[in-house]
Amino acid sequence: MDKMTEQELVESFSDAIKYNHIFVCYQPQINHSTGRMIGAEALMRWKHPVYGVQFPSDFIPVLEKNNLIIEADIHVFRTVCDFLRRCIDEGRKVVPISVNMSRYDIYNNDYVDRIEAIRKEFDIPVKYLRIEITESSAIGGIDLIQSVLKKLHSYGYLVEMDDFGSGYSSLNILKDLEVDIIKLDMRFLQGNIGGRGGIILTSIIQMARWLDTPIIAEGVETLDQAEYMKSLGSNYIQGYLYAKPMEEAEFVEKLSAMNHEALSPALDLIDNLEAGKFWNPESLETLIFSNYVGAAAVFSYRKSDNNIELLRINAKYIKEVGMGREEKDVVNSNFWEDYDEENQKVYIDTINKAINSNEEESCETWRRICSKMCGEEKICVRTDMRVIGKTEDVYMIYAMVHNITEEKKNYSELFESERRFRFASEQANVYAWEYDIRTKEMRPCYRCMRDLKLPALLKNYPEPAIEVGIFPPDYADMYREWHKKLEEGVDHLEAIIPLTVGRVPFHVRYTTEFDEAGRPLKAYGSATLVIEEDCECKDKEKDDEKSEAKDE
Ligand code: C2E
Ligand code: CA
Ligand code: CA
């Protein structure tokens, strides 16, 4: 074959159409799990009588530049319809054929109507034709491509998003364009499947699943790639591994040699999963962000025997909970190996909660980690998990993990001192409670519950305490003000307040606990009965201590 110049291409174009020098090759699309054909893509070829076969990469840019691509694309569509008509007439089984639509066709108002007229002329059921658009079609603005998509849908065509994954910014495009199938080109990720590429791939597949959109992996050349996609629950493959694009006669043979099946989503999505939720920019960001920098894993869970297999983990996951082990050791280890019975139960209960609620569910579990470096160690991990797909009794779960061992240790120390404090309080006529600043929940001590008839948990505190008259009306606003200050991050509050209908004077104090970032977490409240000395001593303290309390 000789490469043709731009001028030669342009000059021979009308003959190429007229004499079918421009023709179509077909590349089968296969379900890797079943080996059946699910469709084929029509790819344009140009066999010049003198210069030989020309490939799209050489002549398509020229046709685009010279405004000839629409005629070439229409020619391809017509050729495909003609082929399908002959197949149908001859009683052959056919598969849907995907036809490429250039982004220049989109600027051409009548492209969709023209192909629809051709389809009608050949009387081809619309289910046998799919249209491939590329994300670059959106470059000129989303509105135009949206209206083209709407029109194609109104005629009943399934639309594929071609070359998905060629640009990361494009993830957002799925939100605006309701395509029916995503085509993901493995060549964009080549040589990089286990690393960044793999993480991107996992995100894309998860998102596709949330949108209930099947994926066809394109450019699949090796069994490894196909198996990898399969492990992520994506079985549709188009690539040299199964077949190169072939001329019509060969394709017809292939069609009759192979079994066919209809394309359907790889995994059934759980019905009421709110796909939309993931598509507000914040959630999308969260998702991508989690995959890039958060410690995350995708695992499968088989309900019948509680078997868990880690499918994908990211580097941060290894760092967070791998405890110096290698990725392959983490993935290949028996998931339950590190868990004792009690923690395993907590974990499985949480998975089942997530399955039932379709929401994110969290648990904290301890596991034993043995490593060459550190010997045996126990770590506490918080797992936020969510079901992202299911097949029969296997669920696919997306989990974000945080190693909270340190936090946990701090907490138990704190808890220990708090417990001692409470114990001391009991001895010294003190009422104590814990106020969660973020949730406005208050947990009273046993004595409060007993003497003041409070439940174990009060929501929207302090309103319920004001309501039942523990804090009298003339002190209510001041006490409310305190809770505002706690929210703002004040570290200490105290005042003498008459409590209950008996207006018994109590010395009421709050001490705030902050998280690492300095945000207020909890405030520990106490109320001590005021006796003479306490009053005096408090007044003294008040002079040298910084007090946030309102003047009495
Ligand atoms: P595309 O739409 O992404 O088509 C897939 C390309 O990947 C095809 O190249 C196909 O031969 C190639 N391919 C498939 N499997 C493998 C594989 O395993 N390994 C490798 N290395 N390549 C594989 P082709 O036929 O050269 O087409 C190139 C591009 O030209 C197409 O990319 C498409 O953008 C454009 N094109 C082809 N036919 C048409 C058409 O009828 N109309 C328009 N507008 N563009 C077309
Ligand atoms: Ca294509
Ligand atoms: Ca492609």
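What you are looking at is a predicted structure, and each value in this text was computed from that prediction instead of being measured.

### Some details on the coordination of the calcium ion (ligand 3)
Point 1. The coordination sphere of the calcium ion (ligand 3) contains the protein donors Asp 162 (OD), Asp 163 (OD), Glu 218 (OE) and Glu 218 (OE), at a distance range of 2.2 to 3.1 Å.
Point 2. Counting the intervening residues between successive donors of the calcium ion (ligand 3) yields the motif D-D-x54-E.
Point 3. The two metals, the calcium ion (ligand 3) and the calcium ion (ligand 2), are separated by 4.0 Å and share Asp 162 as a common coordinating residue. Here Asp 163 is found in strand β6 (residues 158–164), whereas its partner Glu 218 is found in strand β8 (residues 215–218), with 55 residues between them in sequence.
Point 4. Glu 218 gets classed as buried once you look at its relative accessible area, which sits at 8%.

### A few points about the packing of aromatic side chains
Point 1. Using the criterion set out here, one finds 22 aromatic pairs in the structure.
Point 2. Here Tyr 104 and Tyr 107 contribute two aromatic rings whose centre-to-centre distance is 6.2 Å and whose plane-to-plane angle is 90°, an arrangement assigned as edge-to-face. Highlighted residues: Tyr 104 and Tyr 107, both in helix α4 (residues 103–107), separated by three residues, approximately one helical turn.
Point 3. On the accessibility criterion, Tyr 107 (40% relative accessible area) is partly exposed.
Point 4. For the ring pair Phe 335 and Trp 336, a centre distance of 5.1 Å and an interplane angle of 85° mean the geometry is edge-to-face.

### Details of the coordination of the calcium ion (ligand 2)
Point 1. Protein coordination of the calcium ion (ligand 2) is provided by Glu 41 (OE), Asn 100 (OD1), Glu 132 (OE) and Asp 162 (OD), with donor distances spanning 2.0 to 2.3 Å.
Point 2. Donor residues for the calcium ion (ligand 2), ordered by position in the chain, follow E-x58-N-x31-E-x29-D.
Point 3. The exposure class assigned to Asn 100 is partly exposed, which follows from its relative accessible area of 21%.

### Side note on the site of ligand 1
Point 1. Around ligand 1 lies a shell of 21 residues, among which Arg 45, Asp 73, Arg 187, Glu 221 and Tyr 240 are the nearest.
Point 2. Contact between ligand 1 and Glu 41: an oxygen atom at 3.2 Å from a side-chain N or O atom of the residue.
Point 3. Within the side chain of Asp 73, one N or O atom sits 2.5 Å away from a nitrogen atom of ligand 1.
Point 4. Contact with the protein chains hides 84% of the accessible area of ligand 1, taken as 790 Å² for the molecule alone.

### What about the environment of Met 385?
Point 1. On the secondary structure map, Met 385 appears in strand β14 (residues 375–391).
Point 2. Taking C-alpha positions, Met 385 is 8.2 Å from Thr 350, a pair spaced 35 residues apart along the chain.
Point 3. Sequence-distant contacts of Met 385, that is, excluding residues within four places in its chain, are made with Phe 299, Tyr 347, Thr 350, Ile 351, Ala 354, Glu 359, Glu 360, Glu 361, Cys 363, Ile 397, Tyr 398 and Ala 399.

### Quick look at the sheet that holds strand β19 (residues 504–514)
Point 1. The strand order β17-β16-β20-β19-β18 describes an open sheet built from five strands, whose pairing is antiparallel. Each edge of the open sheet carries a strand with a single partner, namely β17 (441–444) and β18 (492–499). Neighbour to neighbour, the strand axes of the sheet diverge by 20° on average, direction disregarded.
Point 2. Relative to strand β20 (residues 520–529), strand β16 (residues 430–436) runs antiparallel, the two being bridged by seven bridges. Its bridge partner lying in β20, Val 430 is registered against Thr 528.
Point 3. Sheet contacts for helix α18 (residues 473–488): β16, β18, β19 and β20; angle to β18, the most-contacted strand, approximately 160°.

Definitions and limits used
- Residues numbered from 1 in each chain as written.
- Chains lettered and ligands numbered in written order.
- Predicted model: local features only at pLDDT ≥ 70, side-chain atom pairs only at ≥ 80, totals over all residues.
- Heavy atoms only, no water.
- Donors = N, O, S within 2.8 Å, 3.2 Å for Na, K, Ca; no water.
- Helix = DSSP H or I, 4+ residues; strand = E, 2+ residues; numbered from the N terminus.
- Buried < 20%, exposed > 50% of the residue type's maximum accessible area, 1.4 Å probe, protein only.
- Phe/Tyr/Trp six-rings, centres within 6.5 Å; stacked < 30°, edge-to-face > 60°.
- Near = heavy atom within 4 Å.
- Polar contact = N/O pair within 3.5 Å; in protein donor to acceptor, adjacent residues only side chain to side chain.
- Areas by Shrake-Rupley, 256 points an atom, 1.4 Å probe, with all protein chains shown as cover.
- Contact = heavy atoms within 4.5 Å.
- Pairing = 2+ DSSP bridges.
- Axes fitted to C-alpha atoms, helices over the stretch in contact; angles between N-to-C directions.

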